[in-house]
Amino acid sequence: MHELPPMLALVPGSAQPAPADVTTTATGTQRLHWRFASLAAGAQVSVTYRARALGEGTGNLRGSAVITETTDISHTLPMPSRAITVAGLCKTPTTTPTETALPSATPSATSTVTPTAAASSTSTQAPTATLAGLPQPAFLPLALWARCVPGQQRVAVALVMDASLSMLETTVAGRSKLEAARKAAQTFLGMLHLGGGDSAAVVAFNASATVVAALSTDRAALETALNGIQAAPQTCLVCGMAAGEEVLGRRQVGQLPVVVLLTDGRSNPQPAGEALARAAEAKAAGVVVFTIGLGEDLDADVLLAMSSRPEYAFRTSDAEALAEIYSAIAVALPCPADAFWGGR
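Bear in mind that the values here come from a model prediction, so they are computed numbers and not experimental data.

1. With respect to the overall build of the protein
Right, so step 1: Along the protein, the regular secondary structure elements total six helices and 16 strands.
Right, so step 2: For the protein, the proportion of its 344 residues judged to be buried stands at 38%.
Right, so step 3: The long-range share in the protein, meaning contacts at least 24 apart out of those at least 6 apart in sequence, stands at 70%.
Right, so step 4: Accessible surface, the protein: about 18600 Å² in total, of which carbon and sulfur atoms supply 54%.

Below, the structure is given as structure tokens:
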């Protein structure tokens, strides 16, 4: 699915292949849906289309892909969005009038014709039309299909969760951000191969960090630990990062160590730079770090730098979107981009 902001519209007949359906929301947003029944191993599918500007404005091109495995398990992969600004719509040039000569004077009816002064000609030069806001290319996400064979990579994951008081704020669905995060993390646990080589731990942090569940393959025990997280003041980001790395010290041989850190605020009382330094040490030791920033008041640059790759730094203003983010991370764990997805 791809979503066009209200100031853009699909050029009819330009989409290749043609989308299965095109819908328009009440706000004027167009949504383009493509459906592919099945793809051969290694196959690549490209979707292209053209859009025209309806007016000036700023919006985001968004997209997502839903991949359903042969086992009927579906994964929603959010694609990177791109900000689009339409300004100074193209103007149609005016037609330049042709040069028009004035008629010469008529000779008098005498035998001697007195020549008149040479008739001058004038012309009106149309102003040059300036074409402002020339169309620019928009680089849209590319979805690649590749098969991730179960068993290729086993992981030990530390779910490091912010448990500050701000996590008690309510979402649009009426539940707390902490509850939305718990449910999203439980979905994540359901996508791991617990008992098949994967394991997970749960860490909560506020003024300090607490390991509420050590590495385990017991999903029920891990979910109980998530449900038992209690909120308290402050957001010690370095405390959470340090505890997440330390709990992975008991992982099994062959497991990839992973930290998935969620926070909804700025680091305090310790500066965010301490968390960045600790994350750098962890990454140097082979730990893969994912970060999730929830809300607007964040150490966003630090969270981006803490992550192992730019695409491993997620951010959302809506806690109800956490389930999709955790699901995307669960898919990426056994199938890292440099080993699958065409190395992208």
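2. Description of the packing of aromatic side chains
Right, so step 1: Throughout the structure, instances matching the rule amount to three aromatic pairs.
Right, so step 2: Their ring planes at 25° and their centres at 6.2 Å tell us that Trp34 and Tyr49 sit as a pair that is stacked. In this pair, Trp34 sits in the loop between strand S4 (30-33) and strand S5 (51-53) while Tyr49 sits in the loop between S4 and S5, placing the two residues 15 residues apart along the sequence. In this pair, the class of Trp34 matches that of Tyr49, namely buried.
Right, so step 3: Seen from the ring of Tyr312, Arg309 lies directly overhead, with NZ or CZ sitting 5.7 Å from the centre.

3. Quick notes on the pattern of salt bridges
Two side chains bearing opposite charge may form a pair once their charged atoms approach each other closely.
Right, so step 1: Tallied over the full model, the rule gives 16 salt bridges.
Right, so step 2: Taking the shortest distance from any N to any O, the salt bridge between Lys177 and Asp264 comes out at 2.7 Å. With Lys177 in helix H1 (residues 177-191) and Asp264 in the loop between strand S14 (255-263) and helix H4 (272-284), this residue pair connects regions lying 87 residues apart in the sequence.
Right, so step 3: Using a relative accessible area of 7% as the deciding quantity, one classes Asp264 as buried.
Right, so step 4: Between Glu179 and Lys183 there is a salt bridge; the shortest N-O distance is 3.8 Å. In this pair, Glu179 and Lys183 are both assigned in helix H1, four residues apart and thus about one turn of the helix distant.
Right, so step 5: Judged by relative accessible area, which is 24%, Glu179 ranks as partly exposed.
Right, so step 6: Since its relative accessible area comes to 36%, Lys183 is described here as partly exposed.
Right, so step 7: Salt bridges sharing partners connect three or more residues here, namely Glu245, Glu246, Arg278 and Glu281.

4. Notes on the state of the cysteines
Right, so step 1: Scanning all chains against the criterion turns up one disulfide.
Right, so step 2: Through a disulfide, Cys236 is tied to Cys239; the S-S separation comes to 2.0 Å. Between Cys236 and Cys239, the S-S dihedral sits near 65°, and the bridge is therefore right-handed.
Right, so step 3: Judged by relative accessible area, Cys236 falls into the buried class, the value being 0%.

5. Observations regarding a nonpolar patch on the surface
Right, so step 1: A cluster of nonpolar side chains, namely Phe36, Leu39 and Val47, defines an oily patch on the protein surface of about 220 Å² accessible area.
Right, so step 2: Along the chain, Val47 falls in the loop between S4 and S5.
Right, so step 3: Relative accessible area serves as the criterion here: at 32%, Val47 is assigned to the partly exposed category.

6. What to know about the confidence of the model for the protein
Right, so step 1: The share of residues in the protein with pLDDT of 70 or more is 72%, and the mean pLDDT across the chain is 80.
Right, so step 2: Taken as a whole, residues 104-131 scores under 50 in pLDDT and shows 23 contacts with residues more than four places along the chain or in a different chain.
Right, so step 3: Residue range residues 338-344 is modelled with pLDDT below 50. Its contacts to residues more than four positions away, or to other chains, number 19 contacts.

7. Description of the nonpolar core
One broad rule of soluble globular proteins: the nonpolar side chains tend to lie buried together.
Right, so step 1: Core analysis: the biggest nonpolar cluster contains 41 residues, and Phe290 and Tyr326 have the highest contact counts within it.
Right, so step 2: At the level of secondary structure, the elements contributing two or more residues to this core comprise strand S11 (154-162), H1, strand S12 (199-205), helix H2 (219-227), S14, strand S15 (288-294) and helix H6 (322-332).
Right, so step 3: Core analysis: the next-biggest nonpolar cluster, separate from the first, contains 24 residues, Ala156, Ala243, Ala279 and Val302 among them.

What counts and how
- Residues numbered from 1 in each chain as written.
- Predicted model: local features only at pLDDT ≥ 70, side-chain atom pairs only at ≥ 80, totals over all residues.
- Heavy atoms only, no water.
- Helix = DSSP H or I, 4+ residues; strand = E, 2+ residues; numbered from the N terminus.
- Buried < 20%, exposed > 50% of the residue type's maximum accessible area, 1.4 Å probe, protein only.
- Contact = heavy atoms within 4.5 Å.
- Areas by Shrake-Rupley, 256 points an atom, 1.4 Å probe, with all protein chains shown as cover.
- Phe/Tyr/Trp six-rings, centres within 6.5 Å; stacked < 30°, edge-to-face > 60°.
- Lys NZ or Arg CZ within 6 Å of the ring centre and 35° of its normal.
- Salt bridge = Lys/Arg side-chain N within 4 Å of Asp/Glu carboxyl O.
- Disulfide = S-S within 2.5 Å.
- Patch = residues over 30% accessible without salt bridge, like charges linked within 9 Å, V, L, I, M, F, W, Y side chains within 5 Å.
- pLDDT = per-residue confidence, 0-100.
- Core = buried A, V, L, I, M, F, W, Y, C linked by side-chain atoms within 4.5 Å.

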